[in-house]
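# Close look at the chain arrangement
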Amino acid sequence: MARAIVGADYHDHIRDKNSITEDAYLQILNSYSKICVECDFQYLWSNLFLEDGTIVFTTGTPTRRGATKGNHANFFDIHSDPKAFDQVKNSGEISFTTFHNEWGSGRMVLVPFQDSLGRMYVFGASMSLKDLDDQLQASAMKILTIFLLISIAITFLAYRLAKAITRPIKAISKMTETIASGKYGATIDDVSGCSELKLLTKNINIMSNAIFTRNNELQTIVESLPLMVFLKDAKALRYIYLNHSGEKYLGMSREEVIGKNNYDLFEKDQADLFTQKDREAFSSHQLVTVSEEPVNTPHGKRLLQTRKVAITDVDGKPLYLLGLSLDITEQKKAELELRRNRRQIEKLVKERTTAFLSAEKQLDESLQKYRVLFESTADAVMLHENGVIVDCNKAALKMFGCKTSEDLKNRNPSAFSPPFQEGGIPSADLVANYTQRATEQGNVLFEWNARRLDDGKEFPCEVLLSFAQFKDRMFIQSVVRDITVRKKIKNELIRAKEAADAASQAKSEFLANMSHEIRTPMNGILGMTYLALQTDLNDKQRNYIFKANKSAENLLAILNDILDYSRMKSGKLEIQSSRFLLHQMLDSLVNIENLKTEENNINLTVEVDSGVPEKLTGDSLRLRQVLTNLITNAIKFSDPGGKVSLHVSIQEDRGKEVLLHFVVQDRGIGISPDQQEAIFHSFSQTDGSSTRRYGGTGLGLSISKKIVQLMHGNIWVKSELGVGSTFHFTVLLGKVVA
């Protein structure tokens, strides 16, 4: 901002007002004002010279030495170079010059102009260098201040611009780089700035999410494909992607495959083939199909069918190689197996054709033979189709009283039968039932009442229905045999059997009655001989009576067996249940058997398991009878010094009942395997010599078996000739609850 042209400490000094026109005066003031405004001078010397150099006007700060009227030469002697005035005057152009005097140094500007009277003036304005430097420094400070303010403003505006435009653009650029690198799903946070940038950011986020979704869908599809999908870079042919099926095909994980090439993963000959086909896909710019690619994997050699295609940029430059492989190992195996089977089938067809021709020939021969047999057999033979007779032999005509086969053909078999069979069942219904059973089972045999066509006489017969299929026709063949004579014989046999059973029953009853009658005097003999043995007798007498007593005991045992057998045969052998003590019964048994063991020098031992109940309910007499039979036999068939043992254990605990297991073991002569089952039959012993040597009726084990069965048990034997026998039996007894 310029200072006032004439301030309080300024004054104008005009030497001769008549020497300056008014417009020149105004022009001087205007020029002075412009210089002050433009240069912001605070101290300024201003002088006006006429053409002759006379100073006609001075303005500015008070002179240190009062300026006097003079010429320019004098003035320039003091202020500056005198030549400067002439230069301005002659050139008519503004000039700047420097002056030096006793007050200091300064700068002067000389401006030429003319007034309205045509007079030439040169306006000169000067200022000391000191004042100029002060002004320049002040101006420089102002300019620097203004520059700093402008710089701060520009920086602030740049910051605001970066925040409003540059940062969103950088964020957008970074996100696009992220998407380009394959990391989909990245988004940009809300940005400030203009609405266009916000809209652009929103649309880019939508695009990124859409790309992320589509990529996931594509990735899911590719990962679930049953094909191996892989991607290689175009430069080094290194794997950069492998799907899940590829891991299964190659038997390697992705981590083992990614970043490696064919030579890192496969044998050289295979790698050469794969690399050749890869390069072929790049060079041909077409889909390359490799029908069979053998690959060695940790799971063995696999066979792949592969398609490869190059992926390029917009300029056609190769970027990647995309490959899809299908494991055709099993397919090739199936094709090989199919070819092998085809050859086998062709061979079989040829063989079967030959066999068929041979079989057809044999069939013709068989048919001829069948026809011969068909006609020559004494049994009536008929063929049925769809429920009616279609063929028959001569024996059928004779059996049913027919003159020709036409009398039988196209008729249902029930036409040659009475209306009803035994039991009142209609013959037609039974024919349908037996035909259905023959169709399902192949054949069925049954008896039938037939009737002749000529005289209506009924006769019994045996019928065999057999199902047969020839090509697409199904037949039922019936073979009918007249069993009139057999029926008569059978009826006679039944009557004979009934008579024999009656005689046997009478015999059993007779034996039972006789046994009772014989036992009474036998008990008297046993009693008397026992008492006689208690008296004083000589050795001879004692020997006679002792033998008589033993004979009587043996005879009584035989009578008891015969009595039990007769009861058994007549169904009168019964089981009586009562309470008894097991140990007491066994002690009594051992006491009786000890007489025999002492006579034969046999060691008899009895062992009862700790868990076996003491108090039981059942038929203790019959149980004792079975044990007596088995122990007596064991003692009888053991050599002197032998050992016989009885063991009792629980086979099954049923709560209120218990199944006891008895084992009688000896080291006697043993029983051959073929005799082990027979000894439980009536009147059976191991051989005839046993009866002569050891005695007995052969009824004991048969009766014992029946008693055991009546007591809901079982009996069996394990024996070896020369080693001994072990008899087992089980009986079901009740527990006595205290």
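Just so it is clear, the structure is predicted and the values come from calculations on it, not from any experiment. (Residues numbered from 1 in each chain as written. Predicted model: local features only at pLDDT ≥ 70, side-chain atom pairs only at ≥ 80, totals over all residues. Heavy atoms only, no water.)

From N to C terminus, the protein chain includes 18 helices and 23 strands. Burial status across the protein chain gives 35% buried among its 738 residues. Here the contacts in the protein chain between residues at least 6 apart in sequence split such that 53% fall between residues at least 24 apart. (Helix = DSSP H or I, 4+ residues; strand = E, 2+ residues; numbered from the N terminus. Buried < 20%, exposed > 50% of the residue type's maximum accessible area, 1.4 Å probe, protein only. Contact = heavy atoms within 4.5 Å.)

Next up on the list: the packing of helix α16 (residues 620-636) against helix α18 (residues 700-710). Viewed as axis vectors pointing N to C, α16 and α18 meet at an angle of 145 degrees, and their least axial separation amounts to 10 Å. In this structure, α16 meets α18 at a crossing whose hand is left-handed. Counted together, Arg 622, Gln 625, Val 626, Asn 629, Leu 630 and Asn 633 of α16 and Gly 700, Leu 701, Ile 703, Ser 704, Ile 707 and Val 708 of α18 form the full contact between these two elements. Split into classes, the residues belonging to the contact of α16 with α18 amount to six nonpolar, five polar and one charged. (Axes fitted to C-alpha atoms, helices over the stretch in contact; angles between N-to-C directions. Left-handed = near helix turned anticlockwise from the far one by under 90°. Nonpolar A, V, L, I, M, F, W, Y, C, P; charged D, E, K, R; others polar.)

Our focus in this paragraph is helix α9 (residues 268-284). Given a rise of 1.5 Å per residue, 17 residues ought to cover 24 Å, and the 24 Å separating the end C-alpha atoms of α9 matches this to within 8%. Within α9, burial applies to Gln 270, Ala 271, Phe 274, Thr 275, Lys 277, Asp 278, Ala 281 and Phe 282. The buried residues of α9 occupy one face: seen down the axis, they fall within an arc of 160 degrees. Of the exposed residues in α9, the ones pointing more than 90 degrees away from its buried face are Lys 268, Asp 269 and Ser 283. Residues of α9 that are buried in the fold lie against β7 (228-233), α8 (262-265), β9 (288-297), β10 (300-312) and β11 (318-327). Of the residues trailing α9, His 285 is marked for its positive phi of about 55 degrees. (Expected span 1.5 Å × (residues − 1). Arc of directions from axis to C-beta.)

Read across the sheet, five strands follow the order β13-β12-β16-β15-β14 without closing on themselves; strand pairing throughout is antiparallel. Looking at which strands have only one partner, the edges of the open sheet turn out to be β13 (388-392) and β14 (443-451). Along the sheet, successive strands turn relative to each other by an average axial angle of 35 degrees, direction set aside. Here helix α12 (residues 427-441) sits on the sheet in contact with β14, β15 (458-470) and β16 (473-482), set at roughly 160 degrees to β14. (Pairing = 2+ DSSP bridges.)

The subject of this paragraph is the packing of aromatic side chains. Per the stated rule, a full pass over the model turns up eight aromatic pairs. Measuring from centroid to centroid gives 5.9 Å for Phe 446 and Trp 448, while their planes differ by 75 degrees, and the two rings are edge-to-face. Accessibility classification places Phe 446 together with Trp 448 in one group, the buried group. Taken together through their ring pairs, the aromatic side chains of Phe 400, Phe 416 and Phe 459 make up a single cluster. (Phe/Tyr/Trp six-rings, centres within 6.5 Å; stacked < 30°, edge-to-face > 60°.)

Our next topic: the environment of Gln 651. Among the secondary structure elements, Gln 651 is positioned in strand β20 (residues 643-653). Leaving out residues up to four positions away in the same chain, Gln 651 has contacts with Leu 659, His 661 and Thr 730.

In spatial order, the strands read β8-β7-β11-β10-β9; together these five strands make up an open sheet with antiparallel pairing. The strands lining the two open edges of the sheet, one partner per strand, are β8 (239-242) and β9. Shown here is a sheet whose adjacent strand axes are inclined to one another by a mean of 30 degrees, direction ignored. Here six bridges tie β7 to β11, and the two strands are oriented antiparallel to one another. Looking at β11, one finds that Leu 231 is bridged to Leu 322. α9 rests against β7, β9, β10 and β11 of the sheet, and its axis sits at about 155 degrees to β9.

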